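Structure at a glance
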Amino acid sequence: MVALALQLDPDYQTSYPLLEQGEHYAIYDAGAKAYPATTFLVQTSGEPINLGADMQPLMDTTRLRQFIEENEIPVKPDAPAEVYLYNWVDGAQGAMVFDVGVVVEDHIADIPRATGFVVKRYPAMKFASLVYEGAFPHEPDSGWDQIRWEDRAKAHGHVYTERLYRELYHRYDYGGTPRRHVTEIQIEIE
């Protein structure tokens with residue numbers, strides 16, 4: 001149960017068990033994964049916010065991408081395109097410190113806060129992981145509400161810590177009809 005990279009298995013559709021499939025979505029069981037310490041460059045709420053509208057300004061990563069390019073920040077090549085990190089303050093679905101960013105090389109130095117970006121270092125962690133293929137919740141034909149990550153983890157005997165939930169965005173599909181984005185959903189487990 002070791003995952004040295006955050007990159008998705010390119011054969012996930014055949015190597016992971018299919019849990020559920022609808023006309024416009026599919027959910028696969030990627031199992032429990034243990035990751036070594038990981039470093040992220042993020043734009044962060046810094047303070048606890050709520051799910052919903054408070055998150056919107058952080059989801060536009062145009063400035064972050066420009067900063068990375070202009071400063072030649074070493075982004076890990078075996079990582080997803082983007083990562084959303086929900087650091088729960090008082091348990092899942094409540095207030096959280098919300099981070100949006102990319103996985104960077106561990107040796108990257110801290111960055112001055114004035115840039116608007118933060119280097120965050122997470123310790124080694126263990127996650128229950130699902131792969132969702134389909135439209136996002138705000139798009140037509142979404143099957144996102146069928147993910148039920150906490151119920152599925154519990155069915156496998158995992159205990160959700162309710163400290164960290166993360167979404168690893170591996171592929172965006174804005175041109176498809178229906179859209180088939182590929183997102184790995186991970187909840188930290190004991």
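Residues numbered from 1 in each chain as written. Predicted model: local features only at pLDDT ≥ 70, side-chain atom pairs only at ≥ 80, totals over all residues. Heavy atoms only, no water.

Below, the discussion takes up helix H3 (residues 62–70). Residues spaced three or four apart along an α-helix point in a common direction, a consequence of the helix completing one turn every 3.6 residues. Within the sequence span of H3, burial applies to Leu-64, Phe-67 and Ile-68. Seen along its axis, H3 keeps its buried residues to an arc of 100°; they face one direction. For H3, the exposed residues lying more than 90 degrees away from the buried face are Thr-62, Arg-63, Glu-69 and Glu-70. Check the buried side of H3 and you find it contacts strand E3 (38–44) and strand E5 (96–104). Residue Glu-72 follows H3 closely and has a positive phi angle near 50°. (Buried < 20%, exposed > 50% of the residue type's maximum accessible area, 1.4 Å probe, protein only. Helix = DSSP H or I, 4+ residues; strand = E, 2+ residues; numbered from the N terminus. Arc of directions from axis to C-beta. Contact = heavy atoms within 4.5 Å.)

Turning to the layout of surface pockets, a few remarks are in order. When its volume is computed, the largest pocket comes out at roughly 530 Å³. Met-59, Tyr-84, Tyr-86, Glu-167 and Tyr-169 are, among the 20 residues lining the largest pocket, the residues nearest its centre. Listed by contribution, the elements that provide at least two residues to the lining of the largest pocket are helix H2 (56–59), strand E4 (82–88) and strand E8 (160–171). In terms of residue count, E4 provides more of the lining of the largest pocket than any other element does, four residues in total. (1 Å grid on protein atoms, 1.4 Å probe; cavity = no way out; pocket = protein on both sides within 12 Å on 5 of 7 lines; lining within 4 Å. Points joined across faces, edges and corners; volume = space filled by probe spheres on them.)

Let us now look at the environment of Ile-111. Of note, Ile-111 is situated in the loop between E5 and strand E6 (118–122). Taking the C-alpha atoms as reference, Ile-111 lies 32 Å from Asp-173; in sequence the two are 62 residues apart. In this view, Ile-111 contacts Leu-41, Phe-67, Ile-73, Phe-117 and Val-119; residues no more than four positions away in its chain are not counted.

Bridge count between E4 and E8: six bridges; the pairing is antiparallel. Counted as the bridge partner of Tyr-86 is Tyr-165 from E8. Here seven bridges tie E8 to strand E9 (residues 181–189), and the two strands are oriented antiparallel to one another. Bridge pairing in E9 links Tyr-165 to Ile-187. (Pairing = 2+ DSSP bridges.)

What follows deals with empty space enclosed by the protein. What the rule picks out here adds up to one cavity of 30 Å³ or more. Put simply, the largest cavity is a space of about 80 Å³. Together, Asp-29, Gly-31, Ala-32, Ala-128, Ser-129, Leu-130, Trp-149, Arg-152, Ala-153, His-156, His-158 and Ile-187 line the largest cavity. The set of elements that each furnish at least two residues to the lining of the largest cavity consists of strand E2 (25–35), strand E7 (125–134) and helix H4 (149–155). Residue composition of the lining of the largest cavity, by class: six nonpolar, four polar and two charged. (Nonpolar A, V, L, I, M, F, W, Y, C, P; charged D, E, K, R; others polar.)

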